[in-house]
Amino acid sequence: MRTIHDLHHLLPRPAPNERVVLGLVGAPGAGKSTVAGMIAALDPAAHALVPLDGFHLADRALSGLGLLDRKGAHETFDAHGYAALLTRLRSRPAETVYAPSFERDLEQPLANALAVPSSSTLLVTEGNYLLLDAPGWREARSRTDETWFLDVDPAVRRSRLIDRHIRFGKEPREAEAWVRRVDDPNAALVGATRHRADRVLDLTAWAPA
Ligand SMILES: Nc1ncnc2c1ncn2[C@@H]1O[C@H](COP(=O)(O)OP(=O)(O)O)[C@@H](O)[C@H]1O
Ligand SMILES: [Mg+2]
């Protein structure tokens, strides 16, 4: 598995007039968003992307729940809302469906930011918790046709993750501390769901571009 072209032939094919939903899961920094973006770009007219990240609770809601310092953990997402939107997307309604995005600059979700036109026949969704065996997440999983687990050497993944935090404004020490306190436990939880995937892809030797 080295380039996007190696997985082109693995993509689920929709039946006529239907839409398939492909889930990508993996630990933080595994490359889910990168690979999902590449799949979407393979055929922009037919592929649409709705990341789980849009279902982060906003800081306003997290504060009320006392969860602000756990942002990114599974309980800081609206799992049931995500499952409900996947249900609607899967039914491929005649109207355009709008989905929320997560704005990394604001670190907040943004409603109605992503358009999924009726013409999209492959819906790619990606996130950390797609395979959790818990309320909301189980329903979301049942709305996908296939879910792939993206695996990367843990040291490579962790260093990419720290670099990404720094690129989005954290000081290096702050980035390391965040990964240790928040991302590492999340990665362990996500890693434990690997056996539930329909397919496991090792992206350690993957070259984007
Ligand atoms: N194959 C790769 N080679 C080098 N850097 C990569 C590769 N895939 C992803 N990255 C980088 O690693 C970081 C994590 O990737 P990302 O797609 O954001 O992971 P995820 O969405 O799983 O958290 C990003 O900064 C991304 O640009
Ligand atoms: Mg991502």
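An unreviewed UniProt entry lists the protein chain under the name Nucleoside/nucleotide kinase family protein, from Arthrobacter echini.

Colleague: Quick question: what am I supposed to make of the packing of aromatic side chains here?
Modeller: A ring pair, where both rings are aromatic, is described by two values, the distance of the centres and the angle of the planes. Going through the model one piece at a time under the given rule, you end up with five aromatic pairs. Relative to Trp137, the ring of Phe77 lies with its centre 6.3 Å away and its plane at 70°, an arrangement referred to as edge-to-face. Taken as a pair, Phe77 in the loop between helix H3 (59–65) and helix H4 (79–90) and Trp137 in helix H5 (residues 137–142) lie far apart in primary sequence, 60 residues in all. Here Trp137 falls in the buried class, since its relative accessible area comes to 2%. A connected cluster of aromatic rings, assembled from ring pairs, spans Phe55, Phe77, Tyr82, Tyr129 and Trp137. A cation over an aromatic ring shows up here: Lys170 above the ring of Trp178, its NZ or CZ 4.7 Å from the ring centre. Looking at Arg181, its charged tip hangs above the ring of Trp178, at a distance of 5.2 Å from the centre.

Colleague: Can you walk me through the sheet that holds strand E5 (residues 122–127) in this structure?
Modeller: Backbone hydrogen bonds hold the strands of a sheet together, and the pairing may be parallel or antiparallel. Pairing in this open sheet of five strands is parallel, and the strands run E2-E5-E1-E6-E7 from one edge to the other. The sheet terminates laterally at strand E2 (47–49) and strand E7 (199–202), the two strands that pair on one side only. For this sheet, the mean inter-axis angle between neighbouring strands, taken without regard to orientation, is 25°. Judged from the three bridges that link them, E2 and E5 form a sheet pairing that is parallel. From the neighbouring strand, Leu49 faces E5, where its bridge partner is Val124. Across the sheet, helix H2 (residues 32–42) is in contact with strand E1 (20–25), E2, E5 and strand E6 (146–151); its angle to E5 comes to roughly 170°.

Colleague: When you look at the pairing of E5 in this model, what are you seeing that I'm missing?
Modeller: Within a regular strand, side chains alternate between the sheet's two faces. Counted residue by residue, E5 has six buried out of six residues, so it is predominantly covered. Of the two faces of E5, the one carrying Leu122, Val124 and Glu126 and the one carrying Leu123, Thr125 and Gly127 are both buried. Two elements, E1 and E5, share six bridges in a ladder whose sense is parallel. By the bridge assignment for E5, Val21 is matched with Leu123.

Definitions and cut-offs
Residues numbered from 1 in each chain as written. Chains lettered and ligands numbered in written order. Predicted model: local features only at pLDDT ≥ 70, side-chain atom pairs only at ≥ 80, totals over all residues. Heavy atoms only, no water. Phe/Tyr/Trp six-rings, centres within 6.5 Å; stacked < 30°, edge-to-face > 60°. Helix = DSSP H or I, 4+ residues; strand = E, 2+ residues; numbered from the N terminus. Buried < 20%, exposed > 50% of the residue type's maximum accessible area, 1.4 Å probe, protein only. Lys NZ or Arg CZ within 6 Å of the ring centre and 35° of its normal. Pairing = 2+ DSSP bridges. Axes fitted to C-alpha atoms, helices over the stretch in contact; angles between N-to-C directions. Contact = heavy atoms within 4.5 Å.

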